[in-house]
Amino acid sequence: MNYKLLKLLRKTAGFTLIEMVVVVAMVGILASAAIPFMQYGEHRLKERELRHALREIRTAIDAYRKASDDGRIPRKVDASGYPPDLAALTEGVADVKTPDARKIYFLRRLPRDPFAEPQTAPEQMWGLRSYASPPAEPKAGDDVFDVYSLNPGVGSNGALYRDW
């Protein structure tokens with residue numbers, strides 16, 4: 001009787017090699033199906049970071065213009081009132097309405113383009129459009145009216161990154 005019980009236990013006590021191979025193959029198939037979704041998620045995260053960076057810089061440019069219109073930043077008569085470069089947003093400009101001419105800072109640091117090369121300086125990651133340049137063909141000039149990504153890629157919405 002012990003022999004029959006031992007034989008019964010031996011039949012049900014473990015997995016066969018074929019069962020193990022089938023399970024490993026199924027896990028491999030599921031993992032290979034999940035990899036594109038993970039890559040797409042990483043791409044979407046970079047796009048979200050790009051939108052946030054553009055919004056942050058554009059808000060700072062608008063705040064600079066508002067401070068210029070309010071007379072807090074000195075400007076020439078023929079100037080547009082926009083910052084001369086992106087460094088003016090982080091380095092600050094003197095506030096002429098305060099007695100000790102304290103600086104007004106619009107950004108703590110210039111955001112990085114998540115699609116740019118990591119060794120690139122943040123000031124060189126962005127394309128600059130001056131106030132005098134047309135929207136269809138943005139060109140740098142005497143001021144910074146807008147910024148755009150220099151990445152030639154297309155976003156998940158079908159628009160070029162430089163058009164965001």
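Scroll up for the structure.
Here's what I pulled together on the structure shown here. All residue numbers refer to positions counted from 1 along the written sequence of the respective chain. Reporting in this predicted model follows two pLDDT cut-offs: at least 70 for local features of residues, and 80 or more for side-chain atom pairs to be given and counted; totals over whole chains, interfaces and linings ignore these cut-offs and use all residues. Computation of side-chain values covers all heavy atoms of the structure but excludes hydrogens and water.

**Here's the deal with the overall build of the protein chain**
- Elements are defined by DSSP. Helices are runs of H or I of four residues or more, strands are runs of E of two residues or more, and each kind is numbered from the N terminus. A count of helical and extended segments in the protein chain gives three helices and four strands.
- Computed over C-alpha atoms, the radius of gyration of the protein chain comes to 29 Å, more than 25% over the 15 Å expected from 2.2 N^0.38 for 164 residues, which places it beyond the range of a compact globule.
- For the protein chain, the proportion of its 164 residues judged to be buried stands at 27%.
- Whether two residues touch is decided by their heavy atoms; if any such pair falls within 4.5 Å, the residues are in contact. Once local pairs closer than 6 in sequence are excluded, the contacts in the protein chain between residues at least 24 apart make up 44%.
- Per-residue accessibility takes into account occlusion by the displayed protein chains alone, with areas from the Shrake-Rupley method and a 1.4 Å probe. Summed over its atoms, the accessible surface of the protein chain is roughly 11,900 Å², and 60% of this surface lies on carbon and sulfur atoms.
- All tallies of charge rest on Lys and Arg as positive and Asp and Glu as negative; His and the ends of each chain are not included. For charged residues, the charge sits on one atom: NZ in Lys, CZ in Arg, CG in Asp, CD in Glu. Separation between the mean location of the 24 positive side-chain charges and that of the 21 negative ones in the protein chain comes to 12 Å. The globule rule used for comparison is 2.2 Å times the number of residues to the exponent 0.38, while the radius of gyration itself is calculated over C-alpha atoms. Any residue under 20% of the maximum accessible area for its type is buried, any over 50% is exposed, and the rest in between are partly exposed; the area is computed with a 1.4 Å probe on protein chains only.

**What to know about the environment of Arg129**
- With respect to the helices and strands, the residue Arg129 is situated in strand E3 (residues 126-129).
- Remark: the alpha-carbon pair of Arg129 and Pro74, spanning 55 residues in sequence, is separated by 22 Å.
- Not counting residues within four places of it along the chain, the set of residues in contact with Arg129 comprises Pro134, Pro135, Pro138, Lys139, Asp143, Val144, Phe145, Asp146 and Tyr148.
- Any pair of nitrogen or oxygen atoms within 3.5 Å is treated as a polar contact; in protein, a donor-acceptor pairing is required on top of that, and neighbouring residues in sequence qualify only through side-chain atoms on both sides. In this structure the side chain of Arg129 is engaged in a polar contact, spanning 3.2 Å, whose partner is the backbone oxygen of Ser133.

Such coordinate-based values are descriptive only and should not be taken to indicate function.
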